[in-house]
Amino acid sequence: MTDPLRVLIAPDSLKGTLTAVEAADAIAAGVLAVLPDAAVTRVPFADGGEGTVDAAIAAGAEARVDRVAGPLGEPVDARWALLGDTAVVEMAAASGIGLTARTPQDALDADTVGTGELLLRAVAAGARRIVLGVGGSATTDGGLGALRALGARALDEHGDEVRGGGGALHRIRSVDLAAARAALDGVELVLCSDVANPFAGRGGAAEVFAPQKGADSAGVAALDAGLRSWAHVLDDALGSQLATAGWGGSGGGIAGALQVAVGATAADGVEVVADVVGLDVAIAAADLVVVAEGSLDAQSLLGKAPVGIARHARAAGVPCVAVAGRVAAGPDALAAAGIADAASAVDAVGSVEAALAEPARWLRAATVALLERNPSLHEPARG
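Colleague: Got a minute to help me understand the environment of Gly-330 in this structure?
Modeller: Summarising the element assignment, Gly-330 is placed in the loop between strand E12 (320-327) and helix H14 (331-336). For Gly-330 and Asp-341, which are 11 residues apart along the polypeptide, the C-alpha to C-alpha distance reads 9.8 Å.

Colleague: It is not clear to me how the pattern of salt bridges should be interpreted in this structure. Could you clarify?
Modeller: Any two side chains of opposite charge can pair, given that their charged atoms come close. Following the criterion strictly, the structure yields 16 salt bridges and no others. A salt bridge links Arg-121 to Asp-66, with the shortest nitrogen-to-oxygen separation between them at 3.8 Å. Placement of Arg-121 in helix H5 (residues 113-124) and of Asp-66 in strand E3 (residues 62-69) is noted, with a sequence separation of 55 residues between them. Notably, a salt bridge pairs Glu-358 with Arg-361, separated by 3.1 Å at the nearest N-O pair. Taking the relative accessible area as the measure of exposure, Glu-358 reaches 38% and is therefore partly exposed. On the accessibility criterion, Arg-361 (46% relative accessible area) is partly exposed.

Colleague: Explain the sheet that holds strand E1 (residues 6-11) here, please?
Modeller: Pairing between the strands of a sheet is mediated by backbone hydrogen bonds and can be parallel or antiparallel. With parallel pairing, 5 strands are arranged side by side in an open sheet as E2-E1-E11-E12-E13. Only two strands of the sheet have a single partner each, and these edge strands are strand E2 (39-42) and strand E13 (342-344). Across the sheet, the axes of successive neighbouring strands diverge by a mean angle of 25°, strand direction being ignored. For E1 and E2, the ladder comprises 4 bridges, and the chain directions are parallel.

Colleague: What am I meant to see in helix H9 (residues 217-238) here?
Modeller: For H9, spanning 22 residues, the distance from its first C-alpha to its last is 31 Å, which sits close to the expected 32 Å at 1.5 Å a residue. A positive backbone phi angle near 70° is found at Gly-239, which sits one or two residues after H9.

Colleague: Teacher, can you tell me more about the environment of Ala-24 here?
Modeller: Positionally, Ala-24 belongs in helix H1 (residues 20-34). For the pair Ala-24 and Asp-54, spaced 30 residues apart in sequence, the C-alpha to C-alpha distance is 12 Å. In contact with Ala-24, other than residues within four places in its own chain, are Ile-9, Pro-11 and Arg-42.

Colleague: How should I be thinking about the packing of H1 against helix H17 (residues 359-372) in this particular structure?
Modeller: Put simply, H1 and H17 touch, their axes get as near as 8 Å, and they point 40° apart. Relative to H17, H1 is oriented oblique. H1 and H17 meet at a crossing whose hand is right-handed. Seen from H1, the contacting residues are Ala-23, Ala-26, Ile-27, Ala-29, Gly-30, Val-31, Ala-33 and Val-34; seen from H17, they are Ala-360, Leu-363, Arg-364, Thr-367, Val-368, Leu-371 and Glu-372.

Colleague: I would appreciate a short explanation of the packing of helix H11 (residues 269-277) against helix H13 (residues 305-316) in the present structure.
Modeller: Helix-helix packing: each pair is described by the crossing angle between the helix axes and the interaxial distance. Running from amino to carboxyl end, H11 crosses H13 at an angle of 60°, the nearest separation of the two axes being 10 Å. If you check the angle between H11 and H13, you find them oblique. When you trace H11 past H13, the crossing you get is right-handed. On the side of H11, the interface is formed by Val-270, Glu-271 and Ala-274, while H13 contributes Ala-305, Gly-308, Arg-311 and His-312. Per-class residue counts for the contact of H11 with H13 are 3 nonpolar, 2 polar and 2 charged.

Colleague: Looking at this model, I keep getting lost on the pairing of E1. Mind explaining?
Modeller: The two faces of a sheet get side chains in turn, since along a regular strand they alternate between them. Buried residues dominate E1, accounting for 5 of its 6 residues. For the crossover that starts at E1, traverses H1 and ends in the parallel E2, the hand is right-handed.

Colleague: Teacher, can you tell me more about the nonpolar core here?
Modeller: The nonpolar side chains of a soluble globular protein tend to be buried, and buried together. Ranked by size, the top nonpolar core spans 56 residues in total, and within it Ile-130, Leu-132, Leu-147, Leu-189, Trp-230 and Leu-258 carry the most contacts. Discounting residues that sit within four places of it in the chain, Leu-147 has contacts with Ala-152, Leu-177, Ala-180, Trp-230, Ala-257, Leu-258, Ala-261 and Val-262. Ranked by size, the runner-up nonpolar core spans 40 residues in total, among them Val-272, Ile-309, Leu-334 and Ile-339.

Parameters and conventions
Residues numbered from 1 in each chain as written. Predicted model: local features only at pLDDT ≥ 70, side-chain atom pairs only at ≥ 80, totals over all residues. Heavy atoms only, no water. Helix = DSSP H or I, 4+ residues; strand = E, 2+ residues; numbered from the N terminus. Salt bridge = Lys/Arg side-chain N within 4 Å of Asp/Glu carboxyl O. Buried < 20%, exposed > 50% of the residue type's maximum accessible area, 1.4 Å probe, protein only. Pairing = 2+ DSSP bridges. Axes fitted to C-alpha atoms, helices over the stretch in contact; angles between N-to-C directions. Expected span 1.5 Å × (residues − 1). Contact = heavy atoms within 4.5 Å. Parallel < 35°, antiparallel > 145°, perpendicular 65-115°, else oblique. Left-handed = near helix turned anticlockwise from the far one by under 90°. Nonpolar A, V, L, I, M, F, W, Y, C, P; charged D, E, K, R; others polar. Right-handed = clockwise from strand over helix to strand, strands pointing away. Core = buried A, V, L, I, M, F, W, Y, C linked by side-chain atoms within 4.5 Å.

Next comes the structure, spelled out in structure tokens:
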């Protein structure tokens, strides 16, 4: 009797259409339509940004919800995950761009207090390692709010505490970080982001990202000036080089501030999530890996989730294929990235509009088409 083909399905979300869990279900339906005896394992994935908490929960983490301050001070219920002594937190859940109206004033006022409060909740729950996804923020406060929530005190020229978002950063003249550091004593804080922009200045957090958060030209200038000033305060206090470093702009500057102020480290989100969800163990038990995302294109090839997973599959000697909403990368480029073949929902139905109208149906159809034209992948690697 032939052993069933073991298929690992590890999709990222198809943003705006399907979550990673929904994508995994659609792909599984396609696999079973062609190979009804296949042994299917689903590992919904993320790259450290949106969907990372869901991926951790799908891997067995405990879902937690805490009420914290939203980006404009209103209470929000933020979901996070706890797996053993590792917590997974998304900045977007507490300080996300979807929680504001994105007005010019919102861009100046939004802060990261709620993200800092989530870090404290994770520590209180026993976390000794916290994975923080810093994408999708509404903020450009240079991490001031998060540090304040952890216990830091930022003071103006009169010795009064400075509160508020990025629009208040220019008032800070000194900072006391002792309480914030004590709050995270013994805790490893890992930041996940694919953004390498500097903290401030040309190409920095304000110039590049603040407009999408609602900032007008005057707001961008004010936020950038505030970030520059805040960086100098931190550098004076810590002997760091945040003001001139070529990193740290993720999450409106929270990444740079947490690294210099409390010793956080930045890491490749794909690799961090791979560790959290046990990707290598799952690949080792598979004969075929199927990855997915919304658009498989040149950006994907720079190291997004599907290509990162394919890299792990290739290292284990397991073939990897991909399905996507659309495929814009050529077969040679995909093969070089470890993806043997790819099929798209758009090709399956014939138009972008139709694919978007019924994404699960056509992702399933793309999976069927992919497997039907690759019969060599139908046999398990083991005897």
